[in-house]
Amino acid sequence: MPQKFNHTVKVSAPGKVILHGEHSVVYGKLAIAASLGLRTTLNLNETKTDNLHLHFDNLKLKLHIPIKKIKALFDVEGIPLVSSYNFSKPECINQDVLLEKINLLLKELLPQEESNVKLAVSTFLFLVCGMLIPSKVSLQSMEVSINSDLHLNSGMGSSASFGVTIVGSLMQYLKLKLKTAKEQSDSYDFLRCCETGTFSDDELRCISMWAFHAEKIIHGNPSGIDNSTCTYGSVVEFRKGEEPKPLRLGKQLKAMLIDTKVPKNTKALVQKVLDTKLRFPTIIENTLDSMEVISNLAVKTLKAMDGKNDKQFHILGELADMNQNMLRILGVSHDSIDEICMVLSNFGLHGKLTGAGGGGFVLAIVPYSIEAAVIQKVQDLLQAKNYDSWILDLGGPGVMIH
Ligand SMILES: Nc1ncnc2c1ncn2[C@@H]1O[C@H](COP(=O)(O)OP(=O)(O)O)[C@@H](O)[C@H]1O
Ligand SMILES: C[C@@](O)(CCOP(=O)(O)O)CC(=O)O
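Residues numbered from 1 in each chain as written. Chains lettered and ligands numbered in written order. Predicted model: local features only at pLDDT ≥ 70, side-chain atom pairs only at ≥ 80, totals over all residues. Heavy atoms only, no water.

1. Let's talk about the site of ligand 1
Next, step 1: As a matter of local geometry, ligand 1 sits amid 19 residues, with Asn116, Gly155, Ser158, His219 and Lys264 nearest to it.
Next, step 2: A distance of 3.0 Å separates an oxygen atom of ligand 1 from a polar atom in the backbone of Gly155.
Next, step 3: Burial of ligand 1 by the protein chains amounts to 97% of its free accessible area of 570 Å².
Next, step 4: Elements with a minimum of two residues in the shell around ligand 1: α3 (115–132), α4 (158–181) and α6 (201–219). (Near = heavy atom within 4 Å. Polar contact = N/O pair within 3.5 Å; in protein donor to acceptor, adjacent residues only side chain to side chain. Areas by Shrake-Rupley, 256 points an atom, 1.4 Å probe, with all protein chains shown as cover. Helix = DSSP H or I, 4+ residues; strand = E, 2+ residues; numbered from the N terminus.)

2. Digging into the domain arrangement of the chain
Next, step 1: Taken domain by domain, the chain consists of domain 1 (4–246) and domain 2 (249–394).
Next, step 2: Each partner contributes to the interface: domain 1 provides 31 residues, whereas domain 2 provides 43 residues.
Next, step 3: Here domain 1 and domain 2 share an interface that buries about 2900 Å² over both sides, 66% of which is from carbon and sulfur atoms.
Next, step 4: Of all residues in domain 1, His20, His23 and Tyr27 give up the largest surface area on contact with domain 2, accounting jointly for 23% of the area buried on that side.
Next, step 5: Run the count over domain 1 and domain 2 and you get 4 salt bridges.
Next, step 6: Among the ionic pairs, Glu292 bridges to Arg239, the shortest N-O distance being 3.0 Å. (Domains from an automatic or database assignment. Contact = heavy atoms within 4.5 Å. Buried area = accessible area lost by both parts, 1.4 Å probe. Salt bridge = Lys/Arg side-chain N within 4 Å of Asp/Glu carboxyl O.)

3. A closer look at the packing of helix α9 (residues 281–304) against helix α10 (residues 311–330)
Next, step 1: Between α9 and α10, the shortest axis-to-axis distance is 10 Å and the interhelical angle comes to 160°. Between α9 and α10, the crossing angle belongs to the class labelled roughly antiparallel. α9 and α10 meet at a crossing whose hand is left-handed. Note on element contacts: α10 touches α9 through Gln312, Ile315, Leu316, Leu319, Met322, Asn323, Met326, Leu327, Ile329 and Leu330, opposite Ile283, Ile284, Thr287, Leu288, Ser290, Met291, Ile294, Leu297, Ala298, Thr301, Leu302 and Ala304. (Axes fitted to C-alpha atoms, helices over the stretch in contact; angles between N-to-C directions. Parallel < 35°, antiparallel > 145°, perpendicular 65-115°, else oblique. Left-handed = near helix turned anticlockwise from the far one by under 90°.)

4. What about the packing of aromatic side chains?
Next, step 1: A full pass over the atoms with the stated rule returns 5 aromatic pairs.
Next, step 2: With a centroid separation of 6.2 Å and an interplanar angle of 65°, the aromatic rings of Phe56 and Phe124 are classed as edge-to-face. Of this pair, Phe56 sits in strand β3 (residues 51–56) while Phe124 sits in helix α3; the two residues are 68 residues apart in sequence, bridging distant segments of the chain. Assigned by exposure class, Phe56 and Phe124 land together as buried.
Next, step 3: The interplanar angle of 90° and the centroid separation of 4.8 Å between the aromatic rings of Phe313 and Tyr368 together place this pair among those described as edge-to-face. On the criterion of sequence distance, the pair formed by Phe313 in helix α10 and Tyr368 in the loop between β10 (361–365) and α12 (372–384) is long-range, its members being 55 residues apart.
Next, step 4: You can call Phe313 buried: its relative accessible area is 7%.
Next, step 5: For Tyr368, a relative accessible area of 25% gives the class partly exposed.
Next, step 6: Grouped by ring-pair contacts, the aromatic residues Phe56, Phe124 and Phe162 constitute a single cluster. (Phe/Tyr/Trp six-rings, centres within 6.5 Å; stacked < 30°, edge-to-face > 60°. Buried < 20%, exposed > 50% of the residue type's maximum accessible area, 1.4 Å probe, protein only.)

Next up, the structure:
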């Protein structure tokens, strides 16, 4: 075990679900997302071992990387990694050049590992290199453990939660280092050095931006909805390129989440929709437009909820059914999703896929008035078909320092 030494940081961030607008959000349409009570947590401890010790529990990965090998990655001389770079502008970093160097290192360190492990490690190294370069804080040995309550590759935003947790931890670490060393750097003014357990609005914006760039490594062309929701938390309206707008709801929303146990690949599904759009532009564009209308109506309905009766839940249910049909047209549903939606509909619940689809999770908003015995019966029936399910609160806090 590496010896514990000096600074420690603990940060967590939630996962997310998309209530309406997955896929259409990629094309600039309105979406609604909510943070989940399930979180990813990172513990960072400085050590004295000349290594970066990585423990990614969900991937059963334990990896030791010599610090000098990581420092060589951001040896900027001769390589244009950075052009007019500053900490709050991650887009200035030459991501392709940095990732190429990281991938070469990973070929040596993880020759046999599957691509999901390599993507997770390269995301981590990208953030360590990208965020530390402009800070002028020299990298020192540390132990980093990441553990998540979320299911990976299932549409719960595990990759964004993972990215936001890493960015939040590195930001908090930098704040501690800069404060201790009183080092002067461009980032010093930007980061609000404080001992409280909160991030400032500027810092949250910066966390979401860095996490968006990290998401590109795993997703290719993300809309930004996942990193925004995992950073800010709450139930939000989201449109690509804009900051999320929290929906102030009168009462806590609850959802049933059902695991199809079919793994999905977000990057491939986003590409599939694009391919279909290129072949049938009018049909797909009309479908995406209809999804925008559904999201707008869902926002209005959510805002009108007063918790007194189920009127708004009926409308939300109809909108969920329509949205699920649109997602079928886009070609991202799956037999298991259809089977689950059928079971739910027999009990007056309205399921739709959440996230990229192709498997992953089905989401159904739970009306306030539904009896616990009915919920139990639905869950038992789903279990009999080998589908696990949970009732979860929607809209908890975003990234947090512990
Ligand atoms: N807790 C975690 N530890 C390590 N890697 C993670 C973790 N969570 C997510 N990842 C990375 O993100 C990938 C899942 O991303 P993605 O397919 O987008 O699923 P999701 O819909 O859950 O975000 C994983 O294969 C892994 O590379
Ligand atoms: C399909 C999409 O709208 C949501 C993907 O969500 P997830 O990766 O399945 O959690 C893509 C995106 O918005 O970047």
